[in-house]
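An overview of the molecular structure
Letter by letter, the chains look like this.
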Amino acid sequence: MAEQIPFNTIANVLTKLGSSAFQQIGSAFDVTKELTKLTKKLHTIKGVLVDAEKRQEESDAVKAWVRRLKDVVYDADDLLDDFETLQLQRGVARQVSDFFSSSNQVVFRFKMTDRLKDIKEEVDEIVKEIPMLKLIQGKVVHREVESSRRETHSFVLTSEMLGRDEEKEEIIKLLVSSGNEKNLSAVAIIGIGGLGKTTLAQLVYNDMRVVDFFELKIWICVSDDFDVKLLVKKFLESFSGGDVDLGSLNVLKDSLHEKLRQKRYLLVLDDVWNDDSLKWEELRTLLMVGDKGSRILVTTRNRNVASTMGIDHFPFSLKGLKENQSWNLFLKIAFEEGQERLYPSLVEIGKEIVNMCKGVPLILKTLGAILRIKTEESMWLSIKNNKNLLLLEGENNNSVLSVLKLSYDALPFHLKQCFGYCALFPKDYEIEKKVLVQLWMAQGYIQASGVGNWYFEELLSRSLLEEVTKDAYDNTSYYKMHDLIHDLAQSVVGFEVLCLGNNVKEILERVYHVSFSNSLNLTGKDLKLKHIRTMLNVNRYSKNDSVVRTLIPNFKSLRVLSLHGFSVKKVSKSLGKMSHLRYLDLSYNNFKVLPNAITWLYNLQTLKLINCGHVKKFPKDMRRLINLRHLENQGCGSLTHMTCGMGELSLLESLPLFVVGTGSKVGRLSELKMLNNLRGELWIEKLENVMDAKVESREANLVEKQYIESLGLEWSYGQEEQSGEDAESVMVGLQPHRNLKDLFIIGYGGKGFPRWMMNGELSTMLPNLTTIYLASCLGCQTLPCIVRLRHLKSLKLHHLGKVEYMECSSEGPFFPSLQNLYLSSMPKLKELWRRDSATQSPPSFPCLSLLLIKKCDDLASLELYPSPCVSSIEITFCPKLTSLLLPSSPLLSQLEIRYCGDLASLELHSSHLLSSLYISHCLKPTSLKLSSLPCLESLCLNEVKEGVLRELMSATASSLKSVRIQDIDDLMSLPDELHQHISTLQTLKIGDCSHFATLPHWIGNLTSLTHLRITNCPKLTSLPQEMHSLTALHTLSIDYSCGLTSLPNWIGGLTSLTDLEIGSCPELTSLPEELHSLRILKSLTIHDWSSLTTLPAWIGSLSSLEYLQIRKCPKLISLPEDMRSLTTLYLLEISDCPHLSKRCRREKGEDWPKIAHVRIKVDDGFDAEIHLS
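Residues numbered from 1 in each chain as written. Predicted model: local features only at pLDDT ≥ 70, side-chain atom pairs only at ≥ 80, totals over all residues. Heavy atoms only, no water.

Some words on the overall build of the protein
- From N to C terminus, the protein includes 30 helices and 43 strands.
- Long-range contacts, defined here as pairs at least 24 residues apart, represent 60% of the contacts in the protein between residues at least 6 apart.
- Surface summary for the protein: the accessible area is close to 49,200 Å², and the carbon and sulfur share equals 50%. (Helix = DSSP H or I, 4+ residues; strand = E, 2+ residues; numbered from the N terminus. Contact = heavy atoms within 4.5 Å. Areas by Shrake-Rupley, 256 points an atom, 1.4 Å probe, with all protein chains shown as cover.)

The following block contains the structure:
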């Protein structure tokens, strides 16, 4: 394994040595001559690095030479860092000068000189070996910045572009086929790395047929670590969205079964390597609790994995792309559009190269990126003529890596260490761009964030990184490495970078960078080295702060230390001694005080305190951190003020939260005055504490902060210290730069907004706004003219107590880009906008997608003008709204109208794609005008008139899948118009309809019905015999408060029933015999049976029963012995059954032996306990 050349580190060392600061240091310590000689020797070494990188592949001696060079360069970097830190200390703190006037100065100078002598001697030896190794002086390696950039392309590999449709359809057919009645079966996709197995699985996973077929979908990336316990943990975390405690497997199993039981699920296990049949069997056993048709989809490079897991079909072997597909992919990457016509000779060579790639997308993509805009035939021929480069037969990926290695070899020298450092992140880890740039800077690979962004884009353009997620501005915020690219990075850095896992018990010699995703279990004796430069936690929560107290202080050369989520309650002062530290992450911890010792970290560039909710203040000497660029303090909710002197941190780029405090010894808004490098988000809280409103707010100098994209201005709720006039003065002075994109104003107490927002000025002063959020501005009656903001996408107005309307100017466009409009808690709002004149044409919303209007008490009428893109409308709690006119909305899919009690007129025109309609608590509609609703699938009506139901039934085609009817008092039976949906209706729920008396006989024709619920319909006394034809019914819930006195005898014929709930049967003393034949019943709920005394013995024959709930059955005394036969029963819940609850107490109750094998939850109304058997 070759050694990575530390190009950036050597360049950084030489930059330091050539600086004026080190000329002063040389004089101060009388080492000028030694530093000059060291500089010359390093320049000599630098000249042969290009040749050394090539030669070490074939020479162990050169490789050993590179290894020695790397060690001494890192030592030199540490030494120069110590010199530089000392100079910083002398310039920042007076007390340090006392140290240098004492005998300590002599001791320190001796130690530093001695270290310099050792380093110079080692460098001399390395230089002497250059002729012996025959290393040739070549191209001098320079630090490249802007000149290295080239135009990037936006092509992204997707299987839709690559002709994977046939493979996709075949796999979907296997997954959703109904012929397989097993509870769990598996499908495997196999193929060499880079063929697109994961991409194909993603396309299948997101296909709507798969989405509709499975109740649950889970995606887990497995990679190398097939630990059953960790896999279950990942599974549970996919549901919770947070960290799950790694408890016993038995406890995790119970949680897993709760999620999977009675559900048909799809589990994708991506990139599996395990071929241990025992591990597979252990996992399969845990998963055998879902419904029939559950599937596992596995992607793997190893055919043995498919054999081991016992798949039910032949593994799906993914082949390479076809010749024309391969060429099209390569063409899009290697040439600009149309450029290939200018270079016919390159096209011919390219086609031969494509044939050598054997259809592997990743290799095609990699070679295309290498050759992009390279017009020299020699470069193309060098790849074409390397016949051993693309030997891809078999399952060995070394040949693939040799192709990918070309990407690394082709990198400019300044990018190589940056790329290798990415091996620090585990496979499939989502890398945040900003964090990676900060880490590169901490290692000295770059000197500025802007340069790091250029480097990052260069790696992205070369397909060494790929996009994952985007932020609110549609900018990609997270990236990851393809697993083969990660293998490449790991092969390049060798042992220098280590991802520490559960199976690593010690840090090997020569490791410089370490990441870990679980709690560190190392002891002091395992940590043999003190030169580790990175300790990075890549898991949010590690729950182990002992490492902070005992281990971390041993690492004297650390540049990066990440301890987020370590449950740290007290930050050790010893961190202040880690003078090389440049990146410190203490986020998600519980400490209350950040010790002042932190301010001795003069080299610190990044300090992360995200979600440190207990921290009330920063150290008093924060001004010492003169190199600080990022102070990330979002989520520090207890912060009371900023420290005096923060404004001296002139390099600061990130300060998400600024809190204005009270008193004379706290930082004022003026601290922001000179911080004009701030960028991204700035949220200023507790503006009510501004003392001299006119002066202090202007001194914040926000108008000069051109890199701020998001600004929040917040006054605390309920604080009265500041008058409305003072609040207005504060707002006048806080005018932001015109580049601002997001503006949030909360709790503003002024009577009007400032001049820079009013009289049409907003579109001139802040033309780039995309988001406006105004909340709790209780004194403001008039809003800024915001309708002409050309880029505004989201407008949210909340709790504006005096606003009556929005201005609708006749000049310019009306919300040309607005996508989301939210209006809530605006009690005085009478109309959405006021036009200048009656002749003015009505406004339109060309881009509006989401509209929400809530709690607008005075809004009487609402006419929405043409909105061709609107997809969702929600209007709720508008009690005076009498008329609602919705124009033609071709893309409208969801409409919700609730608690509009005076609504008398509703017009809905031409909404052919409307799929979900919810109308609730709107009792007065006398005029209802509807166009055809051919796509309506879900209808929910609550507290409306029967006529509304009938009108809607008439307007819909045969498309309804779900109907919910609630509290329609004048409804006596289902309208006959519902009959037309016999082939589509799947869910029907009827509840609280006081006059509902009959179900029509045609209900038996609803052959697609799977869920039926009828509750609290007291005049419904019988169910029609025709219901025995509902053979597709899975879930039946009947509350006998409806007026029914007995179960119909045909209920036992509903052989597809898996869930049954029966309630309020006061006359029945035992379960009806008819239930005996429900052999696949999985869930049974019995409640409010006042006369029920026993459960029948035949209940033990319900062999599929997994869940049994009994509640409010006061006379039920005991359980039958046959409960022992319910071996599949997972959970028994008992509540408000005093006699039975007592008999089922753990180990003490008389019925306990009958149910000891079951998880039991008992709640008698006063006490609750859960027994885990």
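From this point on, the discussion continues.
As for the sheet that holds strand 1 (residues 184-190)
- The sheet built from five strands is open, its strands ordered 2-3-4-1-5 with parallel pairing. Each end of this open sheet is capped by a strand with a single partner; those strands are strand 2 (216-223) and strand 5 (316-317).
- As defined by bridge partners, strand 1 adjoins strand 5 across two bridges and the pair is classed as parallel. Along strand 5, the bridge assignment pairs Ile-190 with Ser-317.
- Strand contacts of helix 13 (residues 277-287): strand 1, strand 3 (265-272) and strand 4 (294-300), with the helix running at about 160° to strand 3, the strand carrying the most contacts. (Pairing = 2+ DSSP bridges. Axes fitted to C-alpha atoms, helices over the stretch in contact; angles between N-to-C directions.)

Looking at helix 28 (residues 946-955)
- Listed in full, the buried residues belonging to helix 28 are Glu-946, Val-948, Leu-949, Leu-952, Met-953 and Ala-955.
- On its buried face, helix 28 sits against strand 31 (916-920), strand 32 (927-930), strand 33 (938-942) and strand 34 (962-966). (Buried < 20%, exposed > 50% of the residue type's maximum accessible area, 1.4 Å probe, protein only.)

Examining a negative patch on the surface
- A contiguous patch of negative charge, built from Asp-692, Glu-699, Glu-725 and Asp-726, is present on the exposed surface.
- Turning to its location among the elements, Asp-726 is positioned in helix 26 (residues 724-733).
- Residue Asp-726 is classed as partly exposed on the basis of its relative accessible area, which comes to 33%. (Patch = residues over 30% accessible without salt bridge, like charges linked within 9 Å, V, L, I, M, F, W, Y side chains within 5 Å. Salt bridge = Lys/Arg side-chain N within 4 Å of Asp/Glu carboxyl O. Lys, Arg positive; Asp, Glu negative; His and termini not counted. Charge placed at Lys NZ, Arg CZ, Asp CG, Glu CD.)

Some points on the packing of aromatic side chains
- Applying the stated rule across the entire model yields 22 aromatic pairs.
- Relative to Trp-219, the ring of Tyr-205 lies with its centre 5.4 Å away and its plane at 85°, an arrangement referred to as edge-to-face. Of this pair, Tyr-205 sits in helix 9 (residues 197-206) while Trp-219 sits in strand 2, and the two are 14 residues apart along the sequence.
- Their ring planes at 40° and their centres at 6.0 Å tell us that Tyr-408 and Phe-419 sit as a pair that is tilted. (Phe/Tyr/Trp six-rings, centres within 6.5 Å; stacked < 30°, edge-to-face > 60°.)

Thoughts on the sheet that holds strand 13 (residues 583-585)
- Strand order in this open sheet of seven strands is 9-10-11-12-13-14-15, and the pairing throughout is parallel. Both outer strands of the open sheet, strand 9 (497-500) and strand 15 (630-632), are each paired with one neighbouring strand and no more. Going across the sheet, the axis of each strand differs from the next one's by a mean of 10°, ignoring polarity.
- Relative to strand 14 (residues 606-608), strand 13 runs parallel, the two sharing three bridges. Looking at strand 14, one finds that Asp-585 is bridged to Lys-608.

Some words on unusual backbone geometry
- Within the chain, Gln-262 stands out as a residue other than glycine whose phi angle is a positive 70°.
- With respect to the secondary-structure elements, Gln-262 resides in the loop between helix 12 (249-260) and strand 3.

A look at the pairing of strand 18 (residues 708-714)
- Of all seven residues making up strand 18, five are buried, and the element is well covered by its neighbours.
- Relative to strand 18, strand 17 (residues 680-685) runs parallel, the two sharing five bridges. Its bridge partner lying in strand 18, Ile-684 is registered against Leu-713.
- You can see the chain leave strand 17, run along helix 25 (residues 693-699) and come back into strand 18, and the turn it takes is right-handed.
- Note that strand 18 and strand 19 (residues 742-746) share five bridges and pair parallel. Bridging across to strand 19, Leu-713 finds its partner in Ile-745. (Right-handed = clockwise from strand over helix to strand, strands pointing away.)

Some words on helix 16 (residues 344-356)
- A rise of 1.5 Å per residue sets the reference length of helix 16, with its 13 residues, at 18 Å; its end C-alpha atoms lie 19 Å apart and thus fit the reference within 8%.
- Among all positions in helix 16, only Leu-346, Val-347, Ile-349, Gly-350, Ile-353, Val-354 and Met-356 are buried. The arc that holds the buried residues of helix 16, viewed along the axis, is 165°, so those residues lie on one side.
- Downstream of helix 16 by a residue or two, Lys-358 has a phi angle that is positive, lying close to 55°. (Expected span 1.5 Å × (residues − 1). Arc of directions from axis to C-beta.)

Some words on the confidence of the model for the protein
- Across the protein, pLDDT averages 84, with 87% of residues at or above 70.
- Segment residues 94-103 is flagged for pLDDT under 50; beyond a separation of four residues in sequence, or across chains, it makes 12 contacts in the model.
- For residues 140-161, every residue scores under 50 in pLDDT, and the model assigns this stretch 50 contacts once sequence neighbours within four places are set aside. (pLDDT = per-residue confidence, 0-100.)

Considerations on the packing of helix 1 (residues 7-17) against helix 3 (residues 32-47)
- Between helix 1 and helix 3, the least distance of the axes is 10 Å, while the angle of their chain directions is 150°. As far as their axial angle goes, helix 3 and helix 1 are roughly antiparallel. The handedness of the crossing between helix 1 and helix 3 is left-handed. Counting all contacts with helix 1, which are made through Val-13, Leu-14 and Leu-17, the residues of helix 3 involved are Leu-35, Leu-38, Thr-39, Leu-42, His-43 and Lys-46.
- Class assignment of the residues belonging to the contact of helix 1 with helix 3 gives a composition of six nonpolar, two polar and one charged. (Parallel < 35°, antiparallel > 145°, perpendicular 65-115°, else oblique. Left-handed = near helix turned anticlockwise from the far one by under 90°. Nonpolar A, V, L, I, M, F, W, Y, C, P; charged D, E, K, R; others polar.)

Structural notes on the nonpolar core
- Formed by 208 residues in total, the largest nonpolar core has its most connected members in Leu-672 and Ile-684.
- Of all the elements, helix 28 adds the most residues to this core, at five residues.
- Aside from chain neighbours lying at most four places away, what touches Leu-672 is Leu-655, Phe-658, Leu-678, Leu-682, Ile-684, Ala-700, Leu-702 and Lys-705.
- Judged by nonpolar contacts, the second largest core, of 43 residues, contains Leu-404, Cys-418, Leu-439 and Leu-465. (Core = buried A, V, L, I, M, F, W, Y, C linked by side-chain atoms within 4.5 Å.)

Here we look at the pattern of salt bridges
- According to the stated counting rule, one finds 55 salt bridges in the structure shown.
- Put simply, Glu-125 and Lys-128 hold a salt bridge, and the shortest N to O gap is 3.7 Å. Of this pair, Glu-125 and Lys-128 both sit in helix 7 (residues 104-132), three residues apart, which is roughly one turn of the helix.
- Glu-125 sits in the partly exposed class, given a relative accessible area of 35%.
- Overall, the relative accessible area of 55% leaves Lys-128 in the exposed class.
- For Glu-937, the salt bridge goes to Lys-961, with nearest N and O atoms at 3.9 Å. Residue Glu-937 is found in the loop between strand 32 and strand 33, and its partner Lys-961 is found in the loop between helix 28 and strand 34; the two are separated by 24 residues along the sequence.
- On the basis of relative accessible area, Lys-961 is assigned to the partly exposed category, the value being 33%.
- The network of salt bridges with common partners includes Lys-16, Asp-77, Asp-78, Asp-81, Glu-84, Arg-533, Arg-559 and Arg-582.

Quick word on the environment of Leu-939
- Within the secondary structure, Leu-939 is located in strand 33.
- C-alpha separation for the pair Leu-939 and Arg-964, spaced 25 residues apart in sequence, amounts to 6.3 Å.
- If sequence neighbours within four positions are ignored, Leu-939 has contacts with Leu-917, Leu-949, Leu-952, Met-953, Leu-960, Ser-962, Val-963 and Arg-964.

Side note on the pairing of strand 17
- In this structure, strand 16 (residues 657-659) lies alongside strand 17, joined through three bridges in parallel fashion. Each residue of the ladder has a partner; that of Phe-658, found in strand 17, is Ile-684.

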